[in-house]
Amino acid sequence: MSEKRHYSSQVRIDAARRTRELIRDAGAALFVEKGYVGATAKDIASVAGVAPRTVFTAYPGGKLEIFEAALAHALDADLDTSDSGVRAIASDPDDVRRLVSQIVEQGIGLLERAGTLMMVAVESSGADAEMRRLALETSEQSSVNAMSIAEGLAEHGLIRRDISVEKAAGVLAALVSPQLHQQLRSTSGWGIDDYRSWLEFNIRANLMY
């Protein structure tokens, strides 16, 4: 009897998890399509194929909790956005091209997964205080990541002497930003290879010897 109860409990846990994932993914798609303000809990329920009350059972915090879950899921990178790769590869200072390629791949991976939701927060920040908070938090984290990479580059003498670490970090944060990603990938319709090549060229041209 105990094993049966445990099995039933696990089935319910798995079903609840799948429901949360359905709602999270439906919310993510609608936030991108309609914006945070335009998407409603009723819309999310319809796309997820659940009753509206189920949305609030799964996410008592409503739209905000769904958005935060979707953004956190998108930001949950398999790729390392710190400077650890910089420190490892830069043991061979001549291999600058490979090093820049890794930095760009990390940035592109993050933006391809999370860039659209990051821009939803930015574009909704004027109408919603919580979106303004999230936009600021993600911007600050991007700046921290860029500074970490710039410090790793500087440590190995890979940044030009006329450029400070702070300036290098600012350039990296600007180049690998959701705003520029959206402009080039979505608005201008650049393919991923053109975008990658452009980023690699501009990081080398603006920061390195």
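Here is what the cut-offs are and how they apply
Residues numbered from 1 in each chain as written. Predicted model: local features only at pLDDT ≥ 70, side-chain atom pairs only at ≥ 80, totals over all residues. Heavy atoms only, no water. Helix = DSSP H or I, 4+ residues; strand = E, 2+ residues; numbered from the N terminus. Buried < 20%, exposed > 50% of the residue type's maximum accessible area, 1.4 Å probe, protein only. Contact = heavy atoms within 4.5 Å. Areas by Shrake-Rupley, 256 points an atom, 1.4 Å probe, with all protein chains shown as cover. Axes fitted to C-alpha atoms, helices over the stretch in contact; angles between N-to-C directions. Parallel < 35°, antiparallel > 145°, perpendicular 65-115°, else oblique. Left-handed = near helix turned anticlockwise from the far one by under 90°. Nonpolar A, V, L, I, M, F, W, Y, C, P; charged D, E, K, R; others polar. Salt bridge = Lys/Arg side-chain N within 4 Å of Asp/Glu carboxyl O. Expected span 1.5 Å × (residues − 1). Polar contact = N/O pair within 3.5 Å; in protein donor to acceptor, adjacent residues only side chain to side chain. Phe/Tyr/Trp six-rings, centres within 6.5 Å; stacked < 30°, edge-to-face > 60°. Lys NZ or Arg CZ within 6 Å of the ring centre and 35° of its normal.

Peer 1: Just to check I follow, could you spell out the overall build of the protein chain for this structure?
Peer 2: A count of helical and extended segments in the protein chain gives ten helices and zero strands. Walking the protein chain from its N terminus toward its C terminus, one meets helices and strands in the order α-α-α-α-α-α-α-α-α-α. Looking at the protein chain as a whole, 38% of its 209 residues qualify as buried. The contacts of the protein chain with a sequence gap of at least 6 include a subset with a gap of at least 24, amounting to 68%. Here the protein chain has roughly 11,400 Å² of accessible surface; of this, 53% comes from carbon and sulfur atoms.

Peer 1: What is the right way to look at the packing of helix α4 (residues 62–75) against helix α7 (residues 129–155) in this model?
Peer 2: Two quantities define a packed helix pair, namely the angle between the axes and the distance from one axis to the other. Following both chains from N to C, one finds α4 and α7 inclined at 15°, their axes separated by 11 Å at the closest point. The angle between α4 and α7 places the two elements in the roughly parallel class. The element α4 and its partner α7 pack so that their crossing is right-handed. Contacts between α4 and α7 involve L64, F67, E68 and L71 from the first element and E130, M131, R133, L134 and T138 from the second. When its residues are assigned to classes, the contact of α4 with α7 shows five nonpolar, one polar and three charged.

Peer 1: Honestly, the pattern of salt bridges in this entry has me stumped. Any pointers?
Peer 2: Note on pairing: side chains with opposite charge can pair once their charged atoms come close. Per the stated rule, a full pass over the model turns up ten salt bridges. Among the ionic pairs, E21 bridges to R17, the shortest N-O distance being 3.2 Å. Placement of both E21 and R17 in helix α1 (residues 2–38) is noted, with a separation of four residues, approximately one turn of the helix. We classify E21 as partly exposed; its relative accessible area is 28%. Overlapping salt bridges, with partners in common, bring together E68, E130, R133 and E137 in one network.

Peer 1: What exactly am I supposed to notice about the environment of A146 here?
Peer 2: By secondary structure assignment, the location of A146 is in helix α7. Along the backbone, A146 and I103 are 43 residues apart, and their C-alpha atoms lie at a distance of 9.9 Å.

Peer 1: How should α7 be read in this particular structure?
Peer 2: Count 3.6 residues to each turn of an α-helix, and residues three or four apart come out pointing the same way. Taking 1.5 Å of rise per residue, the 27 residues of α7 would be expected to cover 39 Å, and the 39 Å separating its terminal C-alpha atoms lies within 8% of that figure. For α7, the complete set of buried residues consists of M131, L134, A135, T138, N145, A146, S148, I149, A150, G152 and L153. At the N-terminal boundary of α7, the capping side chain belongs to D128, with an oxygen 2.9 Å from the backbone nitrogen of E130. Of the residues trailing α7, G157 is marked for its positive phi of about 70°.

Peer 1: What exactly am I supposed to notice about the packing of aromatic side chains here?
Peer 2: For any two aromatic rings, the description comes down to two numbers: the centre-to-centre distance and the angle of the planes. Taken as a whole and judged by the stated rule, the model has four aromatic pairs. Judged by centre distance (5.8 Å) and plane angle (85°), the rings of Y36 and F67 are edge-to-face. On the criterion of sequence distance, the pair formed by Y36 in helix α1 and F67 in helix α4 is long-range, its members being 31 residues apart. For Y36, a relative accessible area of 6% puts it in the buried group. Plain terms: the ring middles of W190 and W198 are 6.0 Å apart, the flat faces sit at 80° to each other, and that makes the pair edge-to-face. Assessed through its relative accessible area of 27%, W190 is described here as partly exposed. Taken together, the ring pairs connect F31, Y36 and F67 into an aromatic cluster. Above the ring of Y59, the side-chain terminus of R20 is found at 4.0 Å from the ring centroid. When the ring centre of Y36 is taken as reference, the NZ or CZ atom of K63 above it lies at 4.4 Å.

Peer 1: How should the packing of α7 against helix α8 (residues 165–175) be read in this particular structure?
Peer 2: At a minimum axis distance of 8 Å, the contact between α7 and α8 shows a crossing angle of 130°. One element, α7, and the other, α8, form an angle in the oblique class. Crossing geometry of α7 relative to α8 is assigned as right-handed. Counted together, A146, M147, I149, A150, E151 and A154 of α7 and V165, E166, A168, A169, L172 and A173 of α8 form the full contact between these two elements. When grouped by side-chain class, the residues that make up the contact of α7 with α8 number ten nonpolar, no polar and two charged.

Read these as geometric descriptors, not functional statements.
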